[in-house]
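Observations on the model geometry
So you can see what is in the structure, the chains are spelled out below.
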Amino acid sequence: EVCDAGKCMRGPAVTCDDGLACTTDTCNEDTDTCDNLQKTCDEPGQSGLCIEPTGVCELSPCPDSQTRIEVDILTDNYPAETTWTVTDKCGSAGVILSGGQYSASSTPHSKNVCADEGQYDFTINDSYGDGICCGYGSGGYSVKYGGSEVAEGGSFGSTETKSFGSSCPSDPTPPPTTPPVTPPPTTGSTPPPTAPPTNPPTAPPTN
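This structure is a prediction, so every number in the text was calculated from the model and none was measured. (Residues numbered from 1 in each chain as written. Predicted model: local features only at pLDDT ≥ 70, side-chain atom pairs only at ≥ 80, totals over all residues. Heavy atoms only, no water.)

**Concerning the environment of D76**
For D76, the position within the fold is in the loop between strand 7 (66-74) and strand 8 (82-88). Overall, the relative accessible area of 2% leaves D76 in the buried class. Aside from chain neighbours lying at most four places away, what touches D76 is S105, S106, D126, G131, I132, Y136, G137 and G139. (Helix = DSSP H or I, 4+ residues; strand = E, 2+ residues; numbered from the N terminus. Buried < 20%, exposed > 50% of the residue type's maximum accessible area, 1.4 Å probe, protein only. Contact = heavy atoms within 4.5 Å.)

**Remarks on the state of the cysteines**
The tally for this structure, following the rule as stated, stands at 6 disulfides. Residue C22 pairs covalently with C50 via a disulfide, S to S 1.9 Å. On the sign convention where negative means left-handed, the S-S torsion of about -85° between C22 and C50 marks this disulfide as left-handed. Within this pair, whereas C22 is found in the loop between strand 2 (7-9) and strand 3 (23-28), its partner C50 is found in strand 5 (residues 46-51), the two being separated by 28 residues in sequence. The exposure class of C22 is buried, given its relative accessible area of 2%. (Disulfide = S-S within 2.5 Å.)

**Structural notes on the pairing of strand 8**
The two faces of strand 8 differ: T82, W84, V86 and D88 on one face are buried, but T83, T85 and T87 on the other face are not. As judged from the 7 bridges shared by strand 8 and strand 11 (residues 119-126), these two strands associate in the antiparallel manner. Following the sheet pairing, V86 is matched in strand 11 by F122. Where strand 8 meets strand 9 (residues 95-100), 5 bridges bridge the pair, whose relative direction is antiparallel. Note on strand 9: the bridge partner recorded for T85 is S98. Between strand 8 and strand 9, which pair antiparallel one after the other, the connecting turn spans 6 residues, and G94 there sits at a positive phi close to 70°. (Pairing = 2+ DSSP bridges.)

**A closer look at the packing of aromatic side chains**
Per the counting criterion, the structure on display carries 6 aromatic pairs. Residues W84 and F122 carry aromatic rings whose centres are separated by 6.0 Å and whose planes lie at 40° to one another, so their mutual orientation is tilted. Placement of the pair is W84 in strand 8 and F122 in strand 11, with a sequence separation of 38 residues. Relative to F164, the ring of Y120 has its centre 6.0 Å away and its plane inclined at 25°; by these criteria the two rings are stacked. Taken together, the positions of Y120 in strand 11 and F164 in strand 14 (residues 159-165) put the pair 44 residues apart, joining distant regions of the chain. When its relative accessible area of 3% is taken as the criterion, Y120 is described as buried. (Phe/Tyr/Trp six-rings, centres within 6.5 Å; stacked < 30°, edge-to-face > 60°.)

**Focus: the layout of surface pockets**
Roughly 570 Å³ of volume is contained in the largest pocket. Along the wall of the largest pocket there are 23 residues; nearest its centre are Q46, C57, H109, S110 and K111. Per-element tally for the lining of the largest pocket: the top contributor is strand 10 (residues 108-116), with 5 residues. Of the residues assigned to the lining of the largest pocket, the class counts are 9 nonpolar, 7 polar and 7 charged. (1 Å grid on protein atoms, 1.4 Å probe; cavity = no way out; pocket = protein on both sides within 12 Å on 5 of 7 lines; lining within 4 Å. Points joined across faces, edges and corners; volume = space filled by probe spheres on them. Nonpolar A, V, L, I, M, F, W, Y, C, P; charged D, E, K, R; others polar.)

**Describing the pattern of salt bridges**
This model, assessed by the stated rule, comprises 1 salt bridge. A salt bridge links K89 to D121; the shortest N-O distance between them is 3.8 Å. On the criterion of sequence distance, the pair formed by K89 in the loop between strand 8 and strand 9 and D121 in strand 11 is long-range, its members being 32 residues apart. Classification of K89 by relative accessible area gives partly exposed; the value is 42%. Residue classification places D121 among the buried residues on the basis of a relative accessible area of 19%. (Salt bridge = Lys/Arg side-chain N within 4 Å of Asp/Glu carboxyl O.)

**Some remarks on the sheet that holds strand 13 (residues 148-153)**
Taken together, 4 strands build an open sheet; the order of strands is 10-7-12-13 and the sheet is antiparallel. The strands lining the two open edges of the sheet, one partner per strand, are strand 10 and strand 13. Within the sheet, the average angular offset between the axes of one strand and its neighbour, ignoring direction, is 15°. For strand 12 (residues 140-145) and strand 13, the ladder comprises 5 bridges, and the chain directions are antiparallel. (Axes fitted to C-alpha atoms, helices over the stretch in contact; angles between N-to-C directions.)

Right under this line is the structure:
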């Protein structure tokens, strides 16, 4: 079928591409029309706005106290073999972001999260043990922290881990302990000195 001016007609098969990156274009067999659905951009961390001409979803800003971690994956020919995690190395949060297994080959996938300042591990796994590049497809990964790429690759075996981020925040220093104040000695009334007893004079002997 040929989609022309929003109508599907018999003819050589073509796509319903409207030329916009932010729409999903399909030919509707039931209505014989082209469906050009707007990309929703409603994944966690996305603002809901799709940017032309790239088709990239705009990200919502992180709070001032946090930094965005972004993970982009391009799958190889065996996407179900791929899984990955981002783990917090400083606190007790554990895995804060993860992805896979995937179903579509040679397809980009992206996830992001706003995270506290600290150290993180990105670990990617391939269950077959041949990575995601370059024997069976040209897959790859990219990790960004605060907008800067901190890890990338694709050629590994069963697993690969990359560390990134800043140092773990230290515990706050407790204020110095004030030593106890020693009270001054109590001043009491001083008793007057005791006068020694006075003996009466002894009379001389009488002859």
